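# Structural overview
What follows is the residue order along each chain.
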Amino acid sequence: MSKHQEIEDYRQQLRECVKCGTCRAHCPVFKQVQSEAVVARGKISLAEALLDNKIDLDQRIISDISQCLACGRCVKNCPNQVPTDEIILALRRRIAQKKGLTLFGRGVSTVLQHPRLMSLLTRLGRAFSWLVFRKVPKGSGLRLRFPSPYISRDRTIPPIAPQAFRQRHPEFIAGEPNKPLVTFFTGCMINYMMPEIGESVLTALKELGMNILIPKDQGCCGLPALCAGDGPGAARLADRNLEALTAHKADYIVTACASCHSGLTKHFRELGPDHAQMAGKVLDIHEFLYQQGLEEKLRSLPRQDNPRPVTYHIPCHLRKDDLKETPRKLLSALPSVRLVDMKHAGACCGLGGTFSVYHYDISKQLGNIKAEGIRDSGAEVVATACPGCIMQLQDTINHAGLPQQVCHVLEMIATDLQNAQKS
Amino acid sequence: MLEKRLINILRDIVGKEYVSTEQADRICYSYDATQKQFYPDVIVRPADAAQISLILKMANSEKIPVYPRGAGSGFTGGSVPVKGGIALVLTRLNRILRIDQDNLVAEVEPGVVTATLQKAVEEVGLFYPPDPASLKFSTLGGNVAECAGGPRCVKYGVTKDYVLGMEVVTPLGDIIRTGGETMKGVVGYDLTKLMVGCEGTLGVITRIILKLLPKPEAKKTMLVMFDSIDGAAQAVSSIIRGKIIPTTLEFMDATALACVRENAGLDIPENARAVLIIEVDGERELLERQAARILEIAAPLGIVHTQIATSDEESEKIWKVRRSVSPSLRKVNPDKYNEDICVPRSKLPEMIRAIEAISSRLEIPIVNFGHAGDGNIHVNIMVNRSIEGHEEKAETAIRDIFAKTLELGGTMSGEHGVGTSKAPYIPMELDAATVAYMKTIKRALDPNNILNPGKIFLED
């Protein structure tokens, strides 16, 4: 089985941190916590001290290492590009090896590795949701409270879909014969919780006449397991996805989840040449649609008289220069949309995978920054490109009592395409 | 390790949650950008001057070293706790107390990040010019204690030119006020100037009153490439002699250019051996004329290529070239000694020639770039510590470069300070009587030598 690197393998990269302190200007968690131990420079010093046996792997270190959103800002802004994100994941794998996974980490990893268990749980969850979840009195009306002991009582999350996305569709949907074959990697959130985003992806792909493959054997992208420190579990998932996604020689692999995109394109390359090759084929759906000329198509649709003010939240995992603007370009091409700016558009939503489970208080502080931007933007809709961000932003909006809706850029695209067909 | 009793006193002063003796924190507050590590015994994060006063009084009676610290981003070890003791982290004092638009002053606490203040004053049309490269994360307290500079200092001067007054906790724990908020003031000794650049050895700064300027209306950025380093260096002195003071006059040598050639996003011709990035600011109408005059002066000095930014975006692209130098130096060699000598501007060509000669004599690469407009050059001696003899060569290079700098009437540090890194070289620049005078001041103000000991002067 494939295997990730050990923390010892990062000696050289650790040495490349020159302790300049640039990361202090960019880490969203540091800005809230103001403790050197949570910023990249501090974590790197702790990693070095661990390797030099100057410190024990105690609860304090485990807590420091857990305080990371995996947003990648420290790496992007580091003068020496020290891969702190990878180093933190390697540290978490070491912690899991020595101390075992946390109960929550074990739960996440187990469930996401077994699709049947996941399906069963989601069915049960849905059946009993009236018992265990309470409806949020205001806000969207559909958001539920989550009562698990690991998740803060006042947290709101979306409900589970009646039927998972991949169960609704055949594995292959034929398009025009001369058009490319596109493999759609759905990710767990779209499959189980937000299938409407998946439907929107299909609408857009069909509009372009693409041949679509939705492999039944695909699973979780592996990022949650990796972030929890479950190296072997994450590698098993990556191996399975490699098999499922490359079984047919598709021209492209697309995903509509920024986190899955980061998981598939970045974190498993080191597992081997096959993994690296597949990673090179994965595209964010917006990037793909843009390349295929959807923007022009959208611009040619009949304009609407009173376009709605819409703003865009940039997911951390789509902050790279070339990916940052694409969703915005597509949004601004929509006939029903008037794109407005938002202060802090690029600030993290605060989810950070399991981060918000362990550190919901910091997560909420980050949410407050977003809430301010959303409130002042004058937008009716906050569109974004990641189901995780959607969940977190909706939670933020619910807590702040704001009227805005959150949705995926693809949902807006699909709505406009469908309206144009009707008229 | 400090006795439990003393830790408890510290907890009583600042509150339990702001005192830590945990190993993780001792590691994380042990370093700065010199990468030297010394573990403090305890990390204390006070909230105000009154708490700091009590801490220093206790430190005096118990003879415990105290090391004031902001972001810990200094280049000479100023905040590193070389003798253990207390790391006094001042980042909780992070309020901008006021921005006075009638009198053009701001009053801040030392933990405010420089860029945060700049953003706040620029929102009301004002301007705080000092711009060290670390401005997005370094604190104003650290900037003042080290007298930070930056590219804009050619025209606007350094941090000390903007400090009007402060509140300081003395090493003995008294709270004093220096200067004030008036533009003039000559009552008593100028303690403000004494405190700026004292590297935290004479007092802990708890409030700073800063002078502000109106924000310049516009700026214009130019990139000029020369076929020789001499041409670029001469252009700097000619521009200054031509009675033009640009906002910035940044310089990069051929090695620096080679490092950024691939990533800079700009076309750098093969025959370009040096670059000047020149920016002028002020009223929009005047800029065109200033820019033209500068190019006219530089014209006979071997210009290969000129690029003038016509938008903020293009200006940003030019600055990206400059900013990408430092991180790309690793291509030359993995380890660097970063010196920041400063010579009279007319001596720049001679200094650059001397550094090139030292580099080829010792056969180690030396990359030069920096704020040439004020004679301040960042000299990066690139070595590989794992190669035998490299470290000794670097030491020799540093000594030779300092000797030449002083011979030309310069100083061995323009803006980074002395700290621990340059302490061994102090006798080269300052004579025995001058050092003795400084030490007398230190001894008088800090008889127990508890405040940032081990900095500036080597121990007797």
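Residues numbered from 1 in each chain as written. Chains lettered and ligands numbered in written order. Predicted model: local features only at pLDDT ≥ 70, side-chain atom pairs only at ≥ 80, totals over all residues.

### Examining the overall build of chain B
- Of regular secondary structure, chain B possesses 16 helices and 18 strands.
- For chain B, whose C-alpha radius of gyration is 23 Å, the value lies close to the compact-globule estimate of 23 Å for 460 residues.
- Each principal axis of the C-alpha atoms in chain B carries an extent, and together these give about 70 × 60 × 40 Å.
- Within chain B, the fraction of its 460 residues that count as buried is 49%.
- Across chain B, the fraction of contacts at a sequence separation of at least 24, relative to all contacts at a separation of at least 6, is 72%. (Helix = DSSP H or I, 4+ residues; strand = E, 2+ residues; numbered from the N terminus. Rg over C-alpha atoms; globule rule 2.2 N^0.38 Å. Buried ≥ 20, exposed ≤ 12 C-beta atoms within 10 Å, placed from the backbone. Contact = placed C-beta atoms within 7 Å.)

### Here we look at helix α11 (residues 312-323) of chain B
All names here are of chain B.
- Between its first and last C-alpha, α11 extends 16 Å over twelve residues, near the 16 Å set by a 1.5 Å rise per residue.
- Within the span of α11, buried status applies to Ile318, Val321 and Arg322. Along α11, the residues classed as buried sweep out an arc of 105 degrees about the axis, all on the same side. Facing away from the buried side of α11, by more than 90 degrees, are the exposed residues Asp312, Glu313 and Glu316.
- Looking at the buried side of α11, the elements it contacts are β12 (218-226), β13 (248-253), α9 (254-260), β14 (274-282), β15 (303-308) and α12 (325-328). (Expected span 1.5 Å × (residues − 1). Arc of directions from axis to C-beta.)

### As for the environment of A:Val39
- Along the chain, the position of A:Val39 falls in the loop between α2 (28-33) and α3 (40-51).
- Overall, A:Val39 belongs to the buried group, with 30 C-beta atoms counted inside 10 Å.

### Description of the sheet that holds strand β6 (residues 105-108) of chain B
Residue and element names in this part refer to chain B.
- The strand order across the open sheet formed by five strands is β5-β6-β10-β8-β9, and the pairing between neighbours is antiparallel. The open sheet terminates on both sides in strands that have one partner only, identified here as β5 (96-100) and β9 (175-179). Direction aside, neighbouring strands of the sheet carry axes that sit 10 degrees apart on average.
- Bridge count for β6 against strand β10 (residues 204-211) is four bridges, and the pairing is antiparallel. Residue pairing for β10: alanine 106 is matched across the bridge by leucine 210.
- Lying over the sheet, helix α3 (residues 49-62) contacts β8 (163-169), β9 and β10, oriented at roughly 50 degrees with respect to β8.
- Along the sheet face, helix α4 (residues 114-123) touches β5 and β6 and points at about 35 degrees away from the line of β5. (Pairing = 2+ DSSP bridges. Axes fitted to C-alpha atoms, helices over the stretch in contact; angles between N-to-C directions.)

### A word on the interface of chain B and chain A
- Taken together, the contact between chain B and chain A spans 21 residues of the former and 20 residues of the latter.
- The biggest single contributor to the side of chain B that touches chain A is helix α2 (residues 23-28) of chain B, with five residues.
- Across the side of chain B that touches chain A, the residue classes tally to nine nonpolar, seven polar and five charged. (Nonpolar A, V, L, I, M, F, W, Y, C, P; charged D, E, K, R; others polar.)

### A word on the nonpolar core
- B:Leu210, B:Val236 and B:Val275 are the most contacted members of the largest nonpolar core, which totals 244 residues.
- Dropping the residues within four chain positions of it, B:Leu210 is found in contact with B:Val105, B:Ala106, B:Val108, B:Tyr128, B:Tyr162, B:Val163 and B:Leu164. (Core = buried A, V, L, I, M, F, W, Y, C linked by C-beta atoms within 7 Å.)

### Digging into the sheet that holds β14(B)
Residues and elements named next belong to chain B.
- Here we have seven strands laid out as an open sheet, ordered β15-β12-β14-β13-β17-β18-β16, and antiparallel in their pairing. Edge positions in the sheet fall to β15 and β16 (335-342), since each of these pairs with one other strand and no more. Ignoring which end each strand starts from, the neighbouring axes of this sheet average 15 degrees apart.
- With respect to the sheet, helix α14 (residues 390-407) is in contact with β16, β17 (366-371) and β18 (376-383), its orientation differing from that of β18 by roughly 160 degrees.

### With respect to the confidence of the model for chain A
- Per-chain confidence: chain A averages 88 in pLDDT, with 91% of residues scoring 70 or above.
- In the model, residues 130-150 of chain A has pLDDT below 50 throughout and makes 36 contacts with residues more than four positions away in sequence or in other chains. (pLDDT = per-residue confidence, 0-100.)

### Some remarks on unusual backbone geometry
- Backbone geometry places A:Ala70, a non-glycine residue, at a positive phi of 55 degrees.
- The residue A:Ala70 is located in the loop between α4 (59-66) and α5 (73-77) in this model.
- Not every positive phi belongs to a glycine, and B:Ile456 is a case in point at roughly 65 degrees.
- Within the element layout of this structure, B:Ile456 appears in the segment after α16 (432-445).
- Accessibility expressed as a C-beta count within 10 Å gives 22 for B:Ile456, which makes it buried.

### A closer look at the domain arrangement of chain B
All names here are of chain B.
- Split by domain assignment, chain B resolves into domain 1 (4-89), domain 2 (96-214), domain 3 (218-326) and domain 4 (327-407).
- Between domain 1 and domain 2, the C-alpha centre-to-centre distance is 23 Å.
- If you look at the interface, domain 1 gives 13 residues, while domain 2 gives 20 residues.
- No other element matches α3, which puts six residues into the side of domain 1 that touches domain 2.
- Considered class by class, the residues forming the side of domain 1 that touches domain 2 number six nonpolar, six polar and one charged. (Domains from an automatic or database assignment.)

### Quick look at the pairing of β6(B)
Residues and elements named next belong to chain B.
- With four bridges joining them, β5 and β6 adopt antiparallel strand pairing. Its bridge partner being in β6, aspartate 100 is matched across the sheet by valine 105.
- Adjacent in sequence and paired antiparallel, β5 and β6 are bridged by four residues, among which leucine 104 carries a positive phi angle near 55 degrees.

### Overview of the confidence of the model for chain B
- When pLDDT is averaged along chain B, the result is 94; 99% of the residues meet or exceed 70.
- As scored by the predictor, the complex reaches a pTM of 0.89 and an ipTM of 0.93.

### Overview of helix α21 (residues 360-377) of chain A
Residue and element names in this part refer to chain A.
- Between the first and last C-alpha of α21 there are 25 Å, a value that for 18 residues agrees with the 26 Å anticipated at 1.5 Å per step.
- Those residues of α21 that fall on the buried side of the exposure criterion are Ile362, Ser363, Lys364, Leu366, Gly367, Lys370, Ala371, Ile374 and Ser377.
- Buried-residue contacts for α21 involve α2, β8 (308-312), α20 (355-358), β10 (381-384) and α22 (387-400).
- The first or second residue beyond α21 is glycine 378, which carries a positive phi of 75 degrees.

### Description of the packing of helix α13 (residues 348-362) of chain B against α14(B)
Residues and elements named next belong to chain B.
- Contact geometry of α13 with α14 gives a least axis separation of 10 Å together with a crossing angle of 160 degrees. One finds that α13 runs roughly antiparallel with respect to α14. Here α13 runs over α14; the crossing is right-handed. Along its contact with α13, which presents Met351, Ala354, Ile355, Ile358 and Leu362, the element α14 presents Lys393, Thr396, Ala397, Asp400, Ile401, Lys404 and Thr405.
- Of the residues contributing to the contact of α13 with α14, the split by class is seven nonpolar, two polar and three charged. (Parallel < 35°, antiparallel > 145°, perpendicular 65-115°, else oblique. Left-handed = near helix turned anticlockwise from the far one by under 90°.)

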